[in-house]
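Here are the chains, one letter per residue:
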Amino acid sequence: MNIINQIISNYLNNKSLYIGEKVTMSEHMIQAAMLAEKTNCSSNLVCSCLLHDYGHFILEKPDDLIDQDKDGKHEDVGYFFLKKYFIEDVLGPIKFHVKAKKYLARKKKYYRLLSDASKISLKLQGGIMNDKEAKKFEKNKFFQNSIKLRKFDEVAKISGVKIKSIIEYKNLLTSKLI
């Protein structure tokens, strides 16, 4: 099975709820991609949004990690798996979307918008960035798109919303292969 068919199969067959939320992981990532499309983001960023939490598909029992107060580092797991297949401009925001949350959470207004599950995972991911870390992150090549992805990430948790099928993204995924 090639990687695109494997990704599509994972989306179609994984019905696990997104950790602590009322949507599945597949629904969450598709909602994030749809938000990127709605705001006319680049196709690279749409693809990043579509795959940003793919590491959760690879991790075994991500809910158990939360129960054990552990961070599964899904962003790294997903990045290292996907980098064999996808272009850098898709991978960068995936790799850095957790840093973007840590960066954005420095603002009280953003922190208050986080779901309870996001607040728990933020703590497990090392908490809010300090000023030195933030200045360094602002210089990252993928800073802007990581921030955009993270903002979509937080909003893309609405149950009962009509979403596209992962199959509708097959051509996009294929176009971003290396």
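Above this text you will find the structure in question.
Residues numbered from 1 in each chain as written. Predicted model: local features only at pLDDT ≥ 70, side-chain atom pairs only at ≥ 80, totals over all residues. Heavy atoms only, no water.

> Explain the overall build of the protein residue by residue, including any values.
The secondary structure content of the protein amounts to 12 helices and zero strands. Taken from the N to the C terminus, the helices and strands of the protein come in the order α-α-α-α-α-α-α-α-α-α-α-α. Across the protein, the fraction of contacts at a sequence separation of at least 24, relative to all contacts at a separation of at least 6, is 72%. (Helix = DSSP H or I, 4+ residues; strand = E, 2+ residues; numbered from the N terminus. Contact = heavy atoms within 4.5 Å.)

> Describe the nonpolar core, with residues and values.
Judged by nonpolar contacts, the single largest core of 34 residues is most densely connected at I7, Y11, L51, L82, F86 and L173. Broken down by secondary-structure element, the contributors of at least two residues to this core are α1 (3-13), α2 (25-38), α3 (43-51), α6 (74-82), α7 (88-104), α11 (143-155) and α12 (170-175). Apart from the residues within four sequence positions on either side, Y11 is in contact with S26, M29, I30, L50, L51, Y54, F57 and I166. Within the second largest apolar cluster, 14 residues are counted, among which are F96, Y103, L114 and A134. (Core = buried A, V, L, I, M, F, W, Y, C linked by side-chain atoms within 4.5 Å. Buried < 20%, exposed > 50% of the residue type's maximum accessible area, 1.4 Å probe, protein only.)

> Explain the state of the cysteines to me, and be specific about the residues and the numbers.
Disulfide: a covalent bond formed between the sulfur atoms of two cysteine residues. Applying the stated rule across the entire model yields zero disulfides. No disulfide involves C41; its sulfur sits 6.6 Å from that of C49, the nearest cysteine. Assessed through its relative accessible area of 18%, C41 is described here as buried. In this model C47 remains outside any disulfide bridge; the closest cysteine sulfur is found in C49, 9.4 Å from its own. Judged by its relative accessible area of 0%, C47 falls in the buried class. (Disulfide = S-S within 2.5 Å.)

> How would you sum up the layout of surface pockets? Please name residues and give values.
The computed volume of the largest pocket comes to approximately 190 Å³. Forming the boundary of the largest pocket are F96, K99, K102, M129, K132, E133, K136, F137 and N140. Looking at the lining of the largest pocket, the elements with two or more residues in it are α7 and α10 (131-138). Among the elements that make up the lining of the largest pocket, the one with the highest residue count is α10 (four residues). Looking at the lining of the largest pocket residue by residue, the classes come out as three nonpolar, one polar and five charged. Approximately 150 Å³ is the volume found for the second largest pocket. Contributing to the lining of the second largest pocket are Q31, M34, L35, K38, V155, A156, I158, V161, K162 and I163. If you tally residues by element for the lining of the second largest pocket, the top one is α2, at four residues. A breakdown of the residues in the lining of the second largest pocket according to their chemical character gives seven nonpolar, one polar and two charged. (1 Å grid on protein atoms, 1.4 Å probe; cavity = no way out; pocket = protein on both sides within 12 Å on 5 of 7 lines; lining within 4 Å. Points joined across faces, edges and corners; volume = space filled by probe spheres on them. Nonpolar A, V, L, I, M, F, W, Y, C, P; charged D, E, K, R; others polar.)

> Just give me the short version of the pattern of salt bridges, but keep the residues and values in it.
Inspection of every chain in the model, using the stated rule, returns six salt bridges. With a closest N to O distance of 3.3 Å, E88 and K141 form a salt bridge. Here E88 is found in helix α7, whereas its partner K141 is found in the loop between α10 and α11, with 53 residues between them in sequence. The exposed category is assigned to K141, whose relative accessible area is 59%. One salt bridge connects E154 with R150, and the closest N-O pair in it is separated by 2.2 Å. Within this pair, E154 and its partner R150 are both found in helix α11, separated by four residues, close to a single helical turn. The exposure class assigned to E154 is buried, which follows from its relative accessible area of 10%. (Salt bridge = Lys/Arg side-chain N within 4 Å of Asp/Glu carboxyl O.)

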